[in-house]
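Observations on the model geometry
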Amino acid sequence: MLLETKGLSKSYERRGERFFAVDNACLQAEAGSFICITGESGSGKSTLLNMLTGLLRADSGGIWLDGIDLCALADAELTGLRSRDIGYIPQGNSLLYNFSVLDNVMLPRHLAHKEGKKDAARELLAKTGIAHLENAFPRSLSGGEARRAAIARSLIMSPKILIADEPTSDLDPRNTEEIIRLFEEVHNQGVTIIAATHERQILPCADRHFVMYNGKLLNHPL
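Right, let's walk through the structure included here.

Definitions and limits used
Residues numbered from 1 in each chain as written. Predicted model: local features only at pLDDT ≥ 70, side-chain atom pairs only at ≥ 80, totals over all residues. Heavy atoms only, no water. Helix = DSSP H or I, 4+ residues; strand = E, 2+ residues; numbered from the N terminus. Rg over C-alpha atoms; globule rule 2.2 N^0.38 Å. Buried < 20%, exposed > 50% of the residue type's maximum accessible area, 1.4 Å probe, protein only. Lys, Arg positive; Asp, Glu negative; His and termini not counted. Charge placed at Lys NZ, Arg CZ, Asp CG, Glu CD. Pairing = 2+ DSSP bridges. Core = buried A, V, L, I, M, F, W, Y, C linked by side-chain atoms within 4.5 Å. Contact = heavy atoms within 4.5 Å. Salt bridge = Lys/Arg side-chain N within 4 Å of Asp/Glu carboxyl O. Axes fitted to C-alpha atoms, helices over the stretch in contact; angles between N-to-C directions. Left-handed = near helix turned anticlockwise from the far one by under 90°. Nonpolar A, V, L, I, M, F, W, Y, C, P; charged D, E, K, R; others polar. Disulfide = S-S within 2.5 Å.

Per the secondary structure count, the protein chain includes six helices and ten strands. At 17 Å, the protein chain has a C-alpha radius of gyration in line with the 17 Å of a compact globule built from 222 residues. Put simply, the protein chain has 222 residues, and 52% of those count as buried. Within the protein chain, one finds 25 positive and 28 negative side-chain charges whose respective centroids are separated by 3 Å.

Next up on the list: the pairing of strand β3 (residues 34-38). When you tally the buried positions in β3, you get five out of five residues, the bulk of the element. The two faces of β3 match: Phe34, Cys36 and Thr38 on one face and Ile35 and Ile37 on the other face are all buried. Pairing of β3 with strand β8 (residues 192-196), which is carried by four bridges, proceeds in the parallel orientation. Looking at β8, one finds that Phe34 is bridged to Ile193.

Within the largest apolar cluster, 39 residues are counted, with the highest numbers of intra-cluster contacts made by Phe34 and Phe183. For this core, the secondary structure elements donating two or more residues are β3, α3 (101-111), α4 (118-127), α5 (143-155), β7 (161-165), α6 (173-188) and β8. For this core, the element with the most residues is α5, which contributes six residues. When sequence neighbours within four positions are dropped, the list of residues in contact with Phe183 reads Phe34, Ile89, Ile151, Leu162, Ala164, Pro167 and Ile193.

With that settled, the discussion passes to the pattern of salt bridges. Overall, the coordinates contain nine salt bridges when judged by the stated rule. A salt bridge links Arg57 to Asp75, with the shortest nitrogen-to-oxygen separation between them at 3.0 Å. Of the two residues, Arg57 sits in the loop between α1 (45-52) and β4 (60-65) while Asp75 sits in helix α2 (residues 75-85), which places them 18 residues apart along the sequence. In this structure, the salt-bridge partner of Lys160 is Asp66, at a minimum N-O distance of 2.7 Å.

Turning next to the sheet that holds strand β6 (residues 86-89). What the six strands build is an open sheet, ordered β6-β7-β8-β3-β9-β10; its pairing is mixed. This sheet does not close on itself; its edge strands, each paired only once, are β6 and β10 (216-220). Mean inter-strand twist for the sheet, computed between neighbouring axes without regard to direction, equals 20°. As paired elements, β7 and β8 share five bridges and run parallel to each other. Each bridged residue has a counterpart across the sheet, and for Asp165 the counterpart in β8 is Ala196. Taken strand by strand, α2 contacts β6 and β7, and its axis lies near 85° from that of β6.

The relative placement of two packed helices comes down to the angle between their axes together with the axis-to-axis distance. Between α3 and α4, the shortest axis-to-axis distance is 10 Å and the interhelical angle comes to 115°. Seen from above, α3 lies across α4 with right-handed handedness. The residues of α4 that touch α3, namely those facing Val101, Leu102, Val105 and Met106, are Lys118, Ala121, Arg122 and Leu125. Here the contact of α3 with α4 is composed, by residue class, of six nonpolar, no polar and two charged.

On to the sheet that holds strand β1 (residues 3-14), then. Ordered in space as β2-β1-β4-β5, the four strands form an open sheet in which the pairing is antiparallel. Every interior strand has two partners, whereas the edge strands, β2 (17-29) and β5 (68-69), have only one. Where β1 and β2 come together, nine bridges link them in antiparallel fashion. Of the residues in β2, the one forming a bridge with Ser11 is Phe20. Against the sheet, α1 touches β1, β2 and β4, its axis set at about 125° to β1.

Most peptide bonds take the trans form, and the phi angle of most residues other than glycine is negative. The backbone of Asp66 shows a phi angle near 55°, a positive value even though the residue is not glycine. Mapped onto the elements, Asp66 comes out in the loop between β4 and β5. At Ser158, a residue that is not glycine, the phi angle is positive and equals roughly 50°.

Under the defined criterion, the tally for this structure stands at zero disulfides. Free cysteine Cys26: the closest other cysteine sulfur is in Cys71, separated by 13 Å. In this model Cys36 remains outside any disulfide bridge; the closest cysteine sulfur is found in Cys205, 7.2 Å from its own.

No statement about biological role is implied by the geometric values presented.
Next up, the structure:
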């Protein structure tokens, strides 16, 4: 099992009352699997993904990636594991505005103290349809172009697992199809993918489908 969670929960207080953003979520992702998570906005999808990447600590439960207990790691250890093994596409614009598109894509390699690979970065920019923008800065990009740059960045380290939060948001239908094809290619190369999405076009690519509802992760037949 590449990734496994047991009893994963995260709660917050709102107007003096405690509520669960994620409530006792259990998930198993085998190596090479493609999992889609759907659900209404506010159902807990982003909170769950942020915990799976180690960006958000769980209140209770456990997360294991390739046998490593993420909940037991210090922040520095989590950062190192994330840069090596996890490609993450967060929701919204996550690019650094003082870096060019090419440098944004290369950023995970710099953080891991691995230089070079500009050719690989340029290949990813070509696959995502923005090779001509490698020297542009994020402030000049459309929402869809910024999203594609973030997708390229998530793949630069050849991760074991790709975790994507609304990966096709801000994209028009043609570019959505291109990104779905890229995900299929990455999946066919053996990368495990977990994607939270409202985009029904992604579902045929998945081998498992879950629905988030009021913080609960529910298995749903494809």
